[in-house]
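An overview of the molecular structure
The primary structure of each chain is shown beneath.
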Amino acid sequence: MEQKTRKVVLRGAGCGECGGCYEVAAGESLELYQLCGEDDHKVRVTLAEGARAKLLFVASTSGSVSYDYRVELNGAGAEAELWGLFAARERGVAKVHTDMRHNVADCRSNQQVRGVADDEGYGLFEGLVYVAPDAQRTEAYQQSRNVVLSPAARIQTLPQLEIYADDVKCSHGATVGQMNEEQIYYMRQRGLSEEDARKLQLGGFIRQVLDRVDDEPLREEMERLLFPAE
Amino acid sequence: MLKVKNLHASVDGKEILRGIDFEVKAGEVHAIMGPNGSGKSTFASVLAGNEKFEVTAGEVEYEGENLLEMSIEERARKGIFLGFQYPVEIPGVSMANFMKLAVAERRKAQGLEPLTAGQMLKYMREKAAVVELDAKLMNRAVNEGFSGGEKKKNEIFQMAMLEPRLSLLDETDSGLDIDALRIVATGVNRLRSESNATVLITHYQRLLDYIVPDFVHVLYKGRIIYSGGKELALKLEKEGYDWLINDYKE
Ligand SMILES: Nc1ncnc2c1ncn2[C@@H]1O[C@H](COP(=O)(O)OP(=O)(O)OP(=O)(O)O)[C@@H](O)[C@H]1O
Ligand SMILES: [Mg+2]
């Protein structure tokens, strides 16, 4: 089936206070990419029957940034993917709030959000999955994975499931960890400097989300936002 | 090439290596055997520079230099290669990218020109063929989702890529079926030369049918308690370690 796809890229200060409201009509699809380093941003997406949305955001800051995504699955067969990366450096604060609302039956959603905090940075992920009483045969997945790179950095993750239907497939997971020292050791044993090994590992963590961006210049722009020094 | 004298090492205050003496010359193959938990992997890790272990006494000389003063990566760049008993998975880091960086470091240390992208690709294909490793694995993340056998072959592939002078292979034969064992052993044999040396840590004589060692050592409770020729491995396989351990107790 041919789908009509709308592609939107929201950048920097240009996102304004509100990333906007998007209604995706039956059978159509939306791809939304957002990359910002400052301010608070709200995005609202509603999906009609069989509509699809692929949402991917990158937030990286040494100041303060917050994202608030609400996705309403309003028609049977609607599907939403939400991919996100947030990074807080120096004394920066990055907050992400997501609200995935399964209002009707037979919809699918998948949220994969990763966070990194360095120096004295603070990151927060709050992710809600709501499944209405009639929303049978819902499939909803959510994963929050985070790494803290320094002793003073912090990340909090608060996944939340509110499920009122009984025939659903839902799973969620959340982890906050440090760099994996076994991996660093392995790479150094092959001759990589400790710094290169750490960079490669962090790059790998981020890449698992960035790989979802097919547009190469856009992906590189996101990488630059995440590693501003290079 | 390598001279270990009275090496002691501990982890979390617990002494694991309790006075190891060990010497390897260029061109030699040594096998280290010994019961579980005797300190074989620890010995290899200490030689590789794993910071988890603390060296509390002893000396290690590698190519005339003090090995214990070198960082993990310096040792690697100078040609020490450790084939891990449990190779580590690194999600998100592709084999190709990882090998590109590792080979660049090794070549720099050898005073060789860096390889162009095209040369690197060809080199990687060539070496993957040595251990019959599917070249498609180069596009995957390091060891992620590799089968047990593929992980072990991948260690020997990396060894082939890095052309080490001293290879420490920690149970590279464990978990391999007969064909894979033959492939891995052939790979190791092809990399053997007069100027490099290999230390095989193993529980099984069958590996030593393929890679014939010059010396076999028994490590027990953190010490090398017995050394002999290749026939020692056969005797150990038949009789176990009891006769030695009892001897050692007396
Ligand atoms: N990180 C650690 N913390 C505490 N004890 C450790 C640690 N690493 C190793 N040990 C202990 O040191 C001893 C030697 O372990 P090692 O892995 O070197 O044995 P091994 O000879 O390689 O055994 P195997 O044949 O089972 O591989 C064991 O008793 C093990 O429990
Ligand atoms: Mg071991």
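Located above this text is the structure these notes cover.
Criteria and cut-off values
- Residues numbered from 1 in each chain as written.
- Chains lettered and ligands numbered in written order.
- Predicted model: local features only at pLDDT ≥ 70, side-chain atom pairs only at ≥ 80, totals over all residues.
- Heavy atoms only, no water.
- Helix = DSSP H or I, 4+ residues; strand = E, 2+ residues; numbered from the N terminus.
- Rg over C-alpha atoms; globule rule 2.2 N^0.38 Å.
- Buried < 20%, exposed > 50% of the residue type's maximum accessible area, 1.4 Å probe, protein only.
- Contact = heavy atoms within 4.5 Å.
- Lys, Arg positive; Asp, Glu negative; His and termini not counted.
- Charge placed at Lys NZ, Arg CZ, Asp CG, Glu CD.
- Pairing = 2+ DSSP bridges.
- Donors = N, O, S within 2.8 Å, 3.2 Å for Na, K, Ca; no water.
- Axes fitted to C-alpha atoms, helices over the stretch in contact; angles between N-to-C directions.
- Parallel < 35°, antiparallel > 145°, perpendicular 65-115°, else oblique.
- Left-handed = near helix turned anticlockwise from the far one by under 90°.
- Nonpolar A, V, L, I, M, F, W, Y, C, P; charged D, E, K, R; others polar.

1. Topic: the overall build of chain B
The helix and strand inventory of chain B stands at nine helices and twelve strands. Since a compact globule built from 250 residues should have a radius of gyration of about 18 Å, the 18 Å found for chain B is in line with a globular shape. Here the C-alpha coordinates of chain B stretch approximately 60 × 40 × 35 Å along the principal axes. Expressed as a percentage of its 250 residues, the buried residues of chain B come to 53%. Summarising the internal contacts of chain B: among those between residues at least 6 apart in sequence, 70% fall at separations of at least 24. Treating the 33 positive side-chain charges of chain B as one cloud and the 38 negative ones as another, the clouds have centres 3 Å apart.

2. Let's talk about the pairing of strand β11 (residues 215-220) of chain B
All names here are of chain B. Burial within β11 is extensive, with five of its six residues counted as buried. As paired strands, strand β3 (residues 29-33) and β11 are joined by four bridges and run parallel to one another. Directly across from A31, in β11, lies its bridge partner V216. The antiparallel pairing of β11 with strand β12 (residues 223-228) creates a hairpin that spans two residues between the two strands, and K221 there sits at a positive phi of about 45°.

3. A short note on the coordination of the magnesium ion (ligand 2)
Residues and elements named next belong to chain B. Only S41 (OG) and Q85 (OE1) from the protein coordinate the magnesium ion (ligand 2), and they sit 2.0 to 2.3 Å from it. Here S41 is found in helix α1 (residues 40-48), whereas its partner Q85 is found in the loop between β6 (80-83) and β7 (90-94), with 44 residues between them in sequence. For S41, a relative accessible area of 26% corresponds to the partly exposed category.

4. Some thoughts on the packing of helix α5 (residues 148-162) of chain B against helix α6 (residues 178-191) of chain B
Residues and elements named next belong to chain B. At their nearest, the axes of α5 and α6 sit 10 Å apart, and the two run at 15° to each other. On the basis of their axis angle, the class for α5 and α6 is roughly parallel. Here α5 runs over α6; the crossing is left-handed. Here K153, I156, M159 and A160 of α5 lie close against α6, whose contacting residues are A180, I183, V184, V188 and L191. Tallied by class, residues from the contact of α5 with α6 come to eight nonpolar, no polar and one charged.

5. Notes on unusual backbone geometry
All names here are of chain B. Despite not being glycine, E163 shows a phi value in the positive range, around 45°. Residue E163 is classed as partly exposed on the basis of its relative accessible area of 41%. We note that K221 has phi near 45°; this positive angle belongs to a residue other than glycine. Along the polypeptide, K221 turns up in the loop between β11 and β12. Taking the relative accessible area as the measure of exposure, K221 reaches 47% and is therefore partly exposed.

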